[in-house]
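Each chain, written out:
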Amino acid sequence: MIDGAPLSWEEVARTHGRKIYNFAYRLTGNPDDAKDLAQDVLLRVERGLANYTPGSFEGWLWRITRNAFLDDVRRKKRRPTSSLPDDLDRTDLISTPAPDEVLASIRLGDDVQKALLCLPYDFREAVVLCDVVGLSYDEIALAVAAPVGTVRSRIHRGRKMMREALS
Amino acid sequence: MIHLGELASAYLDGETTPQEAAKLVAHLGRCQLCQREMEDLHAGRSLLRSLPVLEMPESIRVELGLVPNVVPLVRRPLTWVGAAAAAIMIFVVAATATAPDTVGLSLREVSTRYEQQTLVEGGVIPVVGVVQVGGGE
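Conventions we followed
- Residues numbered from 1 in each chain as written.
- Chains lettered and ligands numbered in written order.
- Predicted model: local features only at pLDDT ≥ 70, side-chain atom pairs only at ≥ 80, totals over all residues.
- Helix = DSSP H or I, 4+ residues; strand = E, 2+ residues; numbered from the N terminus.
- Contact = placed C-beta atoms within 7 Å.
- Buried ≥ 20, exposed ≤ 12 C-beta atoms within 10 Å, placed from the backbone.
- pLDDT = per-residue confidence, 0-100.
- Axes fitted to C-alpha atoms, helices over the stretch in contact; angles between N-to-C directions.
- Parallel < 35°, antiparallel > 145°, perpendicular 65-115°, else oblique.
- Left-handed = near helix turned anticlockwise from the far one by under 90°.
- Nonpolar A, V, L, I, M, F, W, Y, C, P; charged D, E, K, R; others polar.
- Core = buried A, V, L, I, M, F, W, Y, C linked by C-beta atoms within 7 Å.

Draft legend 1. Seen up close, the overall build of chain A. From N to C terminus, chain A includes seven helices and zero strands. Its helices and strands taken in sequence order, chain A reads α-α-α-α-α-α-α from the N to the C terminus. Contacts in chain A between residues at least 24 apart in sequence constitute 72% of all its contacts with a sequence separation of at least 6.

Draft legend 2. Up close: the overall build of chain B. Counting its secondary structure elements, chain B contains six helices and zero strands. Secondary structure elements of chain B occur, N-terminal to C-terminal, as α-α-α-α-α-α. The proportion of buried residues among the 137 residues of chain B is 10%. A separation of at least 24 residues holds for 56% of the contacts in chain B among residues at least 6 apart in sequence.

Draft legend 3. Looking closely at the confidence of the model for chain A. Residue and element names in this part refer to chain A. Model confidence for chain A is summarised by a mean pLDDT of 81, while 77% of its residues fall at 70 or above. When mean pLDDT is taken per element in chain A, helix H5 (residues 121-133) scores highest with 95 and helix H4 (residues 99-118) scores lowest with 71. Every residue in residues 82-97 scores below 50 in pLDDT, and together they form 22 contacts with partners more than four places removed in sequence or on other chains.

Draft legend 4. Seen up close, the packing of helix H3 (residues 57-76) of chain A against helix H6 (residues 137-144) of chain A. Residues and elements named next belong to chain A. Their axes nearest at 7 Å, the elements H3 and H6 cross at an angle of 45°. For the element pair H3 / H6, the angle class is oblique. By crossing handedness, the relation of H3 to H6 is classed as right-handed. Counting all contacts with H3, which are made through Glu58, Gly59, Trp62, Arg63 and Arg66, the residues of H6 involved are Glu139, Leu142, Ala143 and Val144. In terms of residue class, the contact of H3 with H6 is built from four nonpolar, one polar and four charged.

Draft legend 5. Structural detail: the environment of Ala38 of chain A. In this structure, Ala38 of chain A sits in helix H2 (residues 31-48). Residue class for Ala38 of chain A comes out buried when judged on the 27 C-beta atoms lying within 10 Å of it. Ala38 of chain A sits 16 residues away from Asn22 of chain A along the chain, and the two C-alpha atoms are 8.9 Å apart. Dropping the residues within four chain positions of it, Ala38 of chain A is found in contact with Ile20, Tyr21 and Ala24 of chain A together with Met56 and Ile60 of chain B.

Draft legend 6. Structural detail: the packing of H2 of chain A against H3 of chain A. All names here are of chain A. Viewed as axis vectors pointing N to C, H2 and H3 meet at an angle of 130°, and their least axial separation amounts to 9 Å. Judged on the interaxial angle alone, H3 and H2 are oblique. Every pair of crossing elements has a handedness; the one defined by H2 and H3 is right-handed. Together, Leu37, Asp40, Val41, Arg44, Val45 and Gly48 of H2 and Leu61, Ile64, Thr65, Ala68, Phe69 and Asp72 of H3 make up the contact between the two elements. Here the residues of the contact of H2 with H3 sort into seven nonpolar, two polar and three charged.

Draft legend 7. Layout of the nonpolar core. By size, the foremost hydrophobic cluster in this structure holds 43 residues, and its most contacted members are Tyr21, Ala24, Ala38, Ala126, Leu129 and Ile140 of chain A. The element best represented in this core is helix H1 (residues 9-28) of chain A, accounting for eight residues. Once you skip the residues sitting within four places of it in the chain, Leu129 of chain A turns out to touch Trp62, Leu135, Ile140 and Ala143 of chain A. Leu4, Leu7, Ala8 and Tyr11 of chain B belong to the second-largest nonpolar core, a separate cluster that totals seven residues.

Draft legend 8. Layout of the environment of Ser136 of chain A. Residues and elements named next belong to chain A. The topology assignment puts Ser136 in the loop between H5 and H6. For Ser136, a count of 16 C-beta atoms within 10 Å translates into the label partly exposed. Sequence separation between Ser136 and Glu58 is 78 residues, and the spatial gap between their C-alpha atoms is 9.8 Å.

Here's what the structure looks like:
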């Protein structure tokens, strides 16, 4: 039961799968790692749902996602890649703006992604959870097991680092 | 308050208390440095929020068994070939099962039986290879 309503694994995958994948992509910077991570997260969610106790579902879900990512990093004994692959499949984009807008968006998106990957993990995670996933500060605090004040500081400093990296 | 600091980002996200927001607005009115920082933060935040949203690859759902793996259309003709082969096999087996038991009969007896069946049924499929030539009566 989640927020009083039953939620199956399939429903979690359908309603949160895209967010999980986008979080994974922005954190890792490449589609292969993002796919592996999203799959790992969904499998952990399947196993964890049986023991889920009603509370902040978002906090629970993103804690699982974060742990999966950190476990993956430890396994690989390396930091995520710092550049986008050349063969990035842009057909995954949901919106279909005009071609010139697409080109501008890709260049801009690549720059932002590269800048994002330059951030230390804690700051990258905070800004991605806030600006990409759209979580509140309270939800982020639950997900990363840190006080709200720390989250506020990480988001602020992370954005400042982004601006510096892009300028 | 000296300068806004992290309160600026929290304000942009609607994560300040009413008291903090009031202090921030009052400070912004008299501090050009914080006005510029606020503009920079707003720009950086907008860039992050304008990143394209990616669709989760369908292969993830397929590999996790969340959707059935549909057989591509191009493979369907092979399915018909298989079905046709199966139908032929069933026909042959059925014809064999319903064919007269000729094992152990002489050629004359087999010939006589076939002539009788041909007259009654209008023809049957002869089963080749089951006649023991030279078998004793």
